[in-house]
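Notes for the structure review
Residue-level listing of the chains:
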Amino acid sequence: QLVESGGGLVQAGGSLRLSCAASGRTFSTYAMGWFRQAPGKERVFVASINWSGRSTTYADSVKGRFTISRDSAKNTVDLQMNSLKPEDTGFYYCAARRGGISTTIAEFDYWGQGTQVTVSS
């Protein structure tokens, strides 16, 4: 089970840190990812990290502003979001997959319930 936290309302230019806590199993050998879904739009890739934390990839829209990290000992994955923009608004989901890093929704096996992020202009 994956549980996201840390969402909320923030002004443009501000920061938020999302956290994803895993329970019920260890995800230390899984790649992890963050995805988001804006109102009326499809869910899209945001960031992903491999099992060791040494490899990451980001959507172009968040590159340089967001940082994904993991703490395998705590079974958590974080998403630090800086310089937030109104277009970052959406429901953010944490996901896990067996295997390597991926940007493809269909390749992720486990999903959290999501946390809302709202960025006001």
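Remember, predicted model here, so these are calculated numbers, not experimental data.

A separate point is unusual backbone geometry. In the Ramachandran plot, Asn-75 falls in the positive-phi region, its phi being about 60° despite a non-glycine side chain. Counting through the fold element by element, Asn-75 comes out in the loop between β7 (66-71) and β8 (76-81). A residue is classified by how much of its surface remains accessible, and Asn-75, at 16% relative accessible area, is buried. For Ser-83, which is not a glycine, the phi torsion comes out positive at approximately 50°. Within the secondary structure, Ser-83 sits in the loop between β8 and β9 (90-98). According to the relative accessible area criterion, Ser-83 is partly exposed, its value standing at 42%.

Moving on, we get to the environment of Gly-14. Secondary-structure assignment places Gly-14 in the loop between β2 (8-11) and β3 (16-22). Exposure remark for Gly-14: the relative accessible area of 18% places this residue in the buried category. Along the backbone, Gly-14 and Arg-65 are 51 residues apart, and their C-alpha atoms lie at a distance of 11 Å. Setting aside anything within four residues of it in sequence, one finds Gly-14 in contact with Met-81, Asn-82, Ser-83 and Leu-84.

Once that is clear, we can look at the pattern of salt bridges. Within this structure, the stated rule accounts for 6 salt bridges. Ionic pairing is found between Arg-17 and Asp-78, a salt bridge with its closest N-O pair at 3.2 Å. Of this pair, Arg-17 sits in strand β3 while Asp-78 sits in strand β8, and the two are 61 residues apart along the sequence. According to the relative accessible area criterion, Arg-17 is partly exposed, its value standing at 43%. Residue Asp-88 is joined to Arg-65 by a salt bridge in which the shortest nitrogen-to-oxygen separation is 2.8 Å. Of this pair, Asp-88 sits in the loop between β8 and β9 while Arg-65 sits in the loop between β6 (56-58) and β7, and the two are 23 residues apart along the sequence.

Criteria and thresholds
- Residues numbered from 1 in each chain as written.
- Predicted model: local features only at pLDDT ≥ 70, side-chain atom pairs only at ≥ 80, totals over all residues.
- Heavy atoms only, no water.
- Helix = DSSP H or I, 4+ residues; strand = E, 2+ residues; numbered from the N terminus.
- Buried < 20%, exposed > 50% of the residue type's maximum accessible area, 1.4 Å probe, protein only.
- Contact = heavy atoms within 4.5 Å.
- Salt bridge = Lys/Arg side-chain N within 4 Å of Asp/Glu carboxyl O.

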